[in-house]
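Listed here are the chains, written in short residue letters.
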Amino acid sequence: MLRCETLNVFYGESHILRDISLDVPDGRVVCLMGRNGVGKTTLLKTIMGLLQPQTGHVYLHNEDMTGQSPDRRVARGIAYVPQGRELFPHLTVEENLRLGLEARQGAKDQQTAELAYEEVYTLFPALPALLTRPGGVLSGGQQQQVAIARALLTQPKLLLLDEPTEGIQPSIVIEIERVIEGFKTQRRFAILLVEQYFEFASRLADTFVLMAKGAVVASGPVSELTEETVKQHLVV
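Quick caveat, the model's predicted, so the values are computed rather than measured.

## Description of the sheet that holds strand S4 (residues 55-60)
(1) Moving on: The strand order across the open sheet formed by four strands is S2-S1-S4-S5, and the pairing between neighbours is antiparallel. Two strands close off the open sheet at either side, each with one partner strand: strand S2 (14-24) and strand S5 (63-64).
(2) Moving on: The pairing of S4 with S5 spans two bridges and is antiparallel. Following the sheet pairing, Leu60 is matched in S5 by Glu63.

This is the structure in structure tokens:
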């Protein structure tokens with residue numbers, strides 16, 4: 001599904017990503033972990049095409065996406081839920097969701113739209129009551145539900161989730177975990193999940209990639225993530 005090969009990314013003179021390589025297999029959940037500032041968000045932005053690597057490549061289903069624009073990557077099946085959600089604050093929830101549907105590949109007739117909306121409303125039952133409200137007035141948890149629903153409406157093959165539990169009330173964290181767990185069970189698409197909370201990640205991920213100082217320092221099945229490694233690279 002997704003393959004990153006020796007990515008090097010700079011902000012000006014600062015070398016942020018250092019020879020990053022990772023794989024996200026079809027239908028699997030990979031958790032990208034590490035302390036703040038190690039380059040996790042930079043990596044997601046590079047995969048999404050918001051940043052360009054100085055060297056290295058991003059492949060999706062063996063297609064080299066490295067030089068492709070973000071909208072082209074969306075068209076090929078990459079969906080991104082950024083840290084902070086980034087809804088359009090003055091658009092209603094319904095209008096924010098419609099943007100996801102417009103980016104969807106394939107049929108966009110009324111029946112397809114109704115089925116797509118029905119699915120996200122089933123996953124997040126609170127959304128129908130919020131449709132006329134501007135995105136900017138919602139709570140953090142509500143915004144996160146809208147952001148994930150908008151991404152799902154694009155019909156992704158790869159879903160990038162950047163710290164979906166950050167600043168979210170516990171009841172909605174449980175709901176988001178339930179949704180991700182459901183997708184893991186269905187194996188409908190691959191998920192690259194950035195998360196700092198080991199307990200949350202360990203319940204959901206198949207494998208982990210651990211970053212420190214812009215580089216991958218450990219990876220493997222979640223069952224092999226030891227307490228010593230967590231203390232060394234995650235605990236402040």
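This is not the end of the story, as more comes after the structure.
## A few points about the nonpolar core
(1) Moving on: One finds Leu97, Leu152, Leu159, Leu161 and Ile191 to be the most contacted residues of the largest nonpolar core, which totals 47 residues.
(2) Moving on: Setting aside anything within four residues of it in sequence, one finds Leu161 in contact with Leu44, Val81, Ile148, Ile180, Ile191, Leu192, Leu193 and Val194.
(3) Moving on: Counting residues in each nonpolar core, the second largest holds 28 residues, with Leu60, Leu158, Leu192 and Val209 among its members.

## Some thoughts on the layout of surface pockets
(1) Moving on: One number sums up the size of the largest pocket: a volume of about 500 Å³.
(2) Moving on: Taken together, 21 residues make up the lining of the largest pocket; nearest its centre are Met48, Val74, Tyr80, Pro82 and Arg150.
(3) Moving on: Of all elements in the fold, only helix H1 (40-48), helix H2 (70-76), strand S6 (78-81), helix H3 (93-102) and helix H5 (140-152) reach the threshold of two or more residues within the lining of the largest pocket.
(4) Moving on: Among the elements that make up the lining of the largest pocket, the one with the highest residue count is S6 (four residues).

Cut-offs used in this document
Residues numbered from 1 in each chain as written. Predicted model: local features only at pLDDT ≥ 70, side-chain atom pairs only at ≥ 80, totals over all residues. Heavy atoms only, no water. Pairing = 2+ DSSP bridges. Helix = DSSP H or I, 4+ residues; strand = E, 2+ residues; numbered from the N terminus. Core = buried A, V, L, I, M, F, W, Y, C linked by side-chain atoms within 4.5 Å. Buried < 20%, exposed > 50% of the residue type's maximum accessible area, 1.4 Å probe, protein only. Contact = heavy atoms within 4.5 Å. 1 Å grid on protein atoms, 1.4 Å probe; cavity = no way out; pocket = protein on both sides within 12 Å on 5 of 7 lines; lining within 4 Å. Points joined across faces, edges and corners; volume = space filled by probe spheres on them.

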